[in-house]
Amino acid sequence: MNVPQPYQVVGRDRETADTVTLTLEPVGDPLPAFRPGQFAMVYAFPRGEVPLSLSGTTPSGTGLTHTVRAVGPVTSALAGLRPGHHVGVRGPFGTPWDLAAARGGDLLLVAGGVGLAPLRPLLLRALDEPRDHRGVALVVGARTPADLLYRDQCDTWAQRAPVAVTVDRPEPGWTGNVGVVTTLLDRVPYQPRNTTAYLCGPEVMMRATARDLVHRGVPASRVFLSLERTMRCGTGHCGQCQLGPLLLCRDGPVVAWDRAEALLAVREL
Amino acid sequence: MTTSAGFLTGLTEPQRGQLLALAETVRFPSGARIFDEGELAERFWIAEEGSVALDVHVPGQSPPIVETLGPGDLVGWSWLFPPYRWHLGARTLSPVTARQFDAAAVRDRCARDPDFGHALTCAVGSVIGRRLRGARARLLDLYGPPRGGGR
Amino acid sequence: MTEPTRQAVMGPDGLEALRQALVRRGRTVVGPTVRDDAIVLAELTSASELPFGWGVEVEAGRYRLRRRSDRMAFAHSAGPQSWKKYLHPERVRQWTADRGPDGTLTVREEVDRPPAYAFLGVRPCDLSAIAVQDRVLVGGPHRDEAYRRRRTGAFLVVVECVEPGATCFCVSMGTGPAVHGGHDLALTEVDDERGHRFWVRAGSEAGAEVLAELPVRPADPTTVARAEEAVTRAAGRMGRTMPPVDLRDLMRDTLEAERWNDVAARCLTCGNCTMVCPTCYCTTTEDVTDLTGEHAERWRRWDVCYDLDFTHMHGGTVRRSGLSRYRQWLTHKIGTWHDQFGSSGCVGCGRCIVWCPVAIDITEEAHALHAEASGRDAEGAGAS
């Protein structure tokens, strides 16, 4: 059965002026477990569905968190929900972040804007399993300091792993970095040849970051990107999310750079 | 395990040695102005520790920060190109340790040793290129709300 | 107990007996019939509605019915419709959702009860098209239930092709004109001095059961030979070919070819080719609400990759130019379909050529891309 399952909003955290994080718990049976990088089709009654990557799980093990930016009618409806409200959820869909690829090596997470959301559960898992790899580092780019997601959590993470943050436009009082996210690739520790990188953000930012990382010696097969195209079904049937040979709902959203580079280089593919 | 070698990675090992031979280590306290827009660019720096902000003088405002630089980064490139005047200002955001170079001495070395001069010019050019790409990317406002909206 | 008859010969009256045998089994029998100057698909209330004595003349951008000098019922190539009209309908309600007074959300899956179909007169290319849609819609980890309900148990009567059209190229795509399994019954039509008759074979147990109820006589060697000859001859009379290369590689390696500019200058991006294509399956969704706002429905409808809303991202459409939209259609159809679903998406039926208002020809475009990729001048190669 592939219809939305009712979930209840049990938590709502405002992240920025246009972005909130919703915590959902199933009303009935939970959906199968989501893995970091996978996405759900979240249904805002009665407006419609949007694909939203998992941005975290809950201690209960059955809950889901999704960070949603209000950019259209459905996302605005979702961002306006309050605890107690119901949504419908389908999933899990798509490829997860390949954490096994990083075993024994360094993990480098590079986020741009709301792209930090899909990386958050990966970061949390990596921090929880420190023996599986040498090190974890997080690099974050945002538009302004006020647009940073999970600001309080970033401070906590920074106590456990190198975290570097930069903004495009500082505000008075900002004492941190100013510049594009790629300028931070020399600010955190990792051994390029033994690094697995996980990128999420606007496609332009991911392309630039992937190229810089490969130039530094990170293998292209271990640079993972989370790609975006329209998705209507999530199940590989609607054809909307095609990127050349890939159906991004099935073969993505997480795709390695050695596969994605040539596809993203073709205009309007 | 840091990858940071920054600006100097553009030079060969001997060239790096030749350049660093011209350097002296300096320290700036937090909040110090290193140079200001319009001044003659007589020195430049490679940051080793701490953070440097490039800023612009705007009347009636505290100077807006255009970009921040950190360990390994070249601080200043106007010294290499006429008219050898700073286009921006620089101030420290924290205590900063840096290698300081006398611009005239380095330019003189470039003139006497074209191979060295070419390598150094390429290394500075690559820094300028990176900063230009960064500035252009930020002009795009990639993280802003999607133009044309979404679902 | 004797072995059930697996092959036989029947006269044209056998078609009505076949239709009745299928109706007795509770099936809705759909087949080709003449309507609005075309051979279309419709529910048959009598086998006499089949297009006896009708043929078609087709060319790029052209379709005309013509009277034949014989009584053949299946001597016509593909019409504007295909079986996806029944198996993958244009609009399907997928679920209904209600919000209760307490705010609880109830979503009910739409489980409709489509007719048990029997398709009478499926061409081998179209049988392959059904197999292609099977792989897309029910062959992966997720199944399209609306399709599955229609497809499961649909009874398929295939008629081998003895009269290919000028736009046909099933031989290039390996889908016809002979049938190679996947059918319940296969017919091959013969009309000669010995009479109008059909060589019938059962391809499944269900087919054999039906065959046992038909007014048939044992298959005679002459009829079988004539039928096989006719299909063999048809294979040699294809109006079109595809270049004899790996089309998947050709599409992958010519994404930046000049030829796309040429075809883009002609393509109206109307999407007719997707509508008539028997395998095009893409859909979009619509969420509709009643006046109270407490009841909503999710509908799925056919979508067209030539539409600007197809494949967009936050902020805009991905394929802004007509060039990129035509390229998406063609490269998907004969190229990336292999990557996605393990086969070509083209079965060589020629519909997209016939129903293109500006006569764009998928085979001509593939040949031109091949010629460009080979560094040869397409006209020079054609004239040699």
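Bear in mind the structure is a predicted one, so any value in this text is a computation, not a measurement.

Parameters and conventions
- Residues numbered from 1 in each chain as written.
- Chains lettered and ligands numbered in written order.
- Predicted model: local features only at pLDDT ≥ 70, side-chain atom pairs only at ≥ 80, totals over all residues.
- Heavy atoms only, no water.
- Helix = DSSP H or I, 4+ residues; strand = E, 2+ residues; numbered from the N terminus.
- Expected span 1.5 Å × (residues − 1).
- Buried < 20%, exposed > 50% of the residue type's maximum accessible area, 1.4 Å probe, protein only.
- Arc of directions from axis to C-beta.
- Contact = heavy atoms within 4.5 Å.
- Buried area = accessible area lost by both parts, 1.4 Å probe.
- Salt bridge = Lys/Arg side-chain N within 4 Å of Asp/Glu carboxyl O.
- Polar contact = N/O pair within 3.5 Å; in protein donor to acceptor, adjacent residues only side chain to side chain.
- Nonpolar A, V, L, I, M, F, W, Y, C, P; charged D, E, K, R; others polar.
- Core = buried A, V, L, I, M, F, W, Y, C linked by side-chain atoms within 4.5 Å.
- Phe/Tyr/Trp six-rings, centres within 6.5 Å; stacked < 30°, edge-to-face > 60°.
- Lys NZ or Arg CZ within 6 Å of the ring centre and 35° of its normal.

**Q** Help me understand helix H4 (residues 203-216) of chain A in this model?
**A** For an α-helix, 3.6 residues make a turn, and residues three or four places apart therefore share a direction. Compared with the 20 Å implied by 1.5 Å per residue over 14 residues, the 20 Å span of H4(A) between its first and last C-alpha is a close match. Taken as a whole, H4(A) has its buried residues at A:Glu203, A:Met205, A:Met206, A:Thr209, A:Ala210 and A:Leu213. Angularly, the buried residues of H4(A) cover 150° about the axis, an arc narrow enough to put them on a single face. Where H4(A) is buried, its residues meet strand E8 (106-112), strand E12 (195-200), strand E13 (223-226) and helix H5 (257-265) of chain A together with strand E15 (312-313) of chain C. A positive backbone phi angle near 110° is found at A:Gly217, which sits one or two residues after H4(A).

**Q** Even after reading the chapter, I still don't get unusual backbone geometry, so can you show me in this structure?
**A** Glycine aside, residues mostly have negative phi, and peptide bonds are mostly found in the trans state. Look at the link from A:Gly91 to A:Pro92: it is a cis peptide, with omega at 0°. You can see A:Pro92 is positioned in strand E7 (residues 86-93). Cis geometry marks the peptide bond from B:Pro82 to B:Pro83, where omega comes out at 5°. Its identity as a non-glycine residue notwithstanding, B:Asp141 has a phi of 50°, on the positive side. Examined against the element boundaries, B:Asp141 turns out to sit in the segment after helix H3 (114-139). Here B:Asp141 falls in the buried class, since its relative accessible area comes to 15%. One non-glycine residue with positive phi stands out, namely C:Asp37, at about 60°. Its location among the elements puts C:Asp37 in the loop between strand E2 (27-35) and strand E3 (38-43). Relative accessible area serves as the criterion here: at 64%, C:Asp37 is assigned to the exposed category.

**Q** Hey, could you run me through the interface of chain A and chain B in this one?
**A** A common way to express how large an interface is: the accessible area buried when the components associate. Counting residues at the interface gives 40 residues for chain A, matched by 26 residues for chain B. Between chain A and chain B, a total of about 2,600 Å² is buried, with carbon and sulfur atoms accounting for 54% of that surface. Linking chain A to chain B there are three salt bridges. Residues B:Asp141 and A:Arg143 are paired through a salt bridge, measuring 2.6 Å at the closest nitrogen-oxygen approach. Joining chain A to chain B, the criterion identifies ten residue pairs in polar contact (both at pLDDT 80 or more). Taken together, the elements giving at least two residues each to the side of chain A that touches chain B come down to strand E4 (48-53), helix H1 (73-79), E8, strand E9 (135-142), strand E11 (177-178) and H4 of chain A. Looking at the side of chain A that touches chain B residue by residue, the classes come out as 18 nonpolar, twelve polar and ten charged.

**Q** Would you take a moment to explain the pattern of salt bridges for this structure?
**A** For side chains of opposite charge, pairing can occur when their charged atoms come near one another. Residues and elements named next belong to chain C. In this structure the tally under the stated criterion is 58 salt bridges over all chains. Measuring nitrogen to oxygen at the nearest pair gives 2.9 Å for the salt bridge that ties Arg93 to Glu297. Linking Arg93 in strand E6 (residues 91-99) with Glu297 in strand E14 (residues 295-302), this pair joins segments that are 204 residues apart in sequence. For Glu297, a relative accessible area of 15% gives the class buried.

**Q** Teacher, can you tell me more about the nonpolar core here?
**A** The biggest cluster of nonpolar side chains holds 99 residues, and the ones touching the most others in it are A:Leu108, C:Trp329 and C:Ile362. Once residues within four sequence positions are removed from consideration, C:Trp329 is found in contact with C:Cys273, C:Thr274, C:Cys280, C:Cys305, C:Tyr306, C:Cys352 and C:Ile362. Residues B:Ile34, B:Trp86, B:Val96 and B:Ala103 belong to the second largest nonpolar core, which totals 35 residues.

**Q** I keep staring at the packing of aromatic side chains and nothing clicks. Help me out?
**A** Following the criterion strictly, the structure yields 24 aromatic pairs over all chains and no others. Seen in terms of ring centroids, C:Trp260 and C:Tyr326 are 6.2 Å apart; in terms of plane orientation they differ by 55°. Their pairing is tilted. Of this pair, C:Trp260 sits in helix H9 (residues 259-266) while C:Tyr326 sits in helix H11 (residues 322-341), and the two are 66 residues apart along the sequence. By relative accessible area, which is 2% here, C:Trp260 ends up buried. Taking 6.0 Å as the distance between ring centres and 50° as the angle between the ring planes, the aromatic pair formed by C:Tyr326 and C:Trp329 counts as tilted. You can see C:Tyr326 and its partner C:Trp329 sitting in helix H11, three residues apart, about one turn around the helix. As far as the burial class goes, C:Tyr326 and C:Trp329 line up, both buried. Each residue in the set B:Phe28, B:Phe35, B:Trp45 and B:Trp86 is aromatic and connected to the rest through ring pairs, giving one cluster. Directly above the aromatic system of A:Tyr150 lies the positively charged group of A:Arg120, at a separation of 5.1 Å from the ring centroid.

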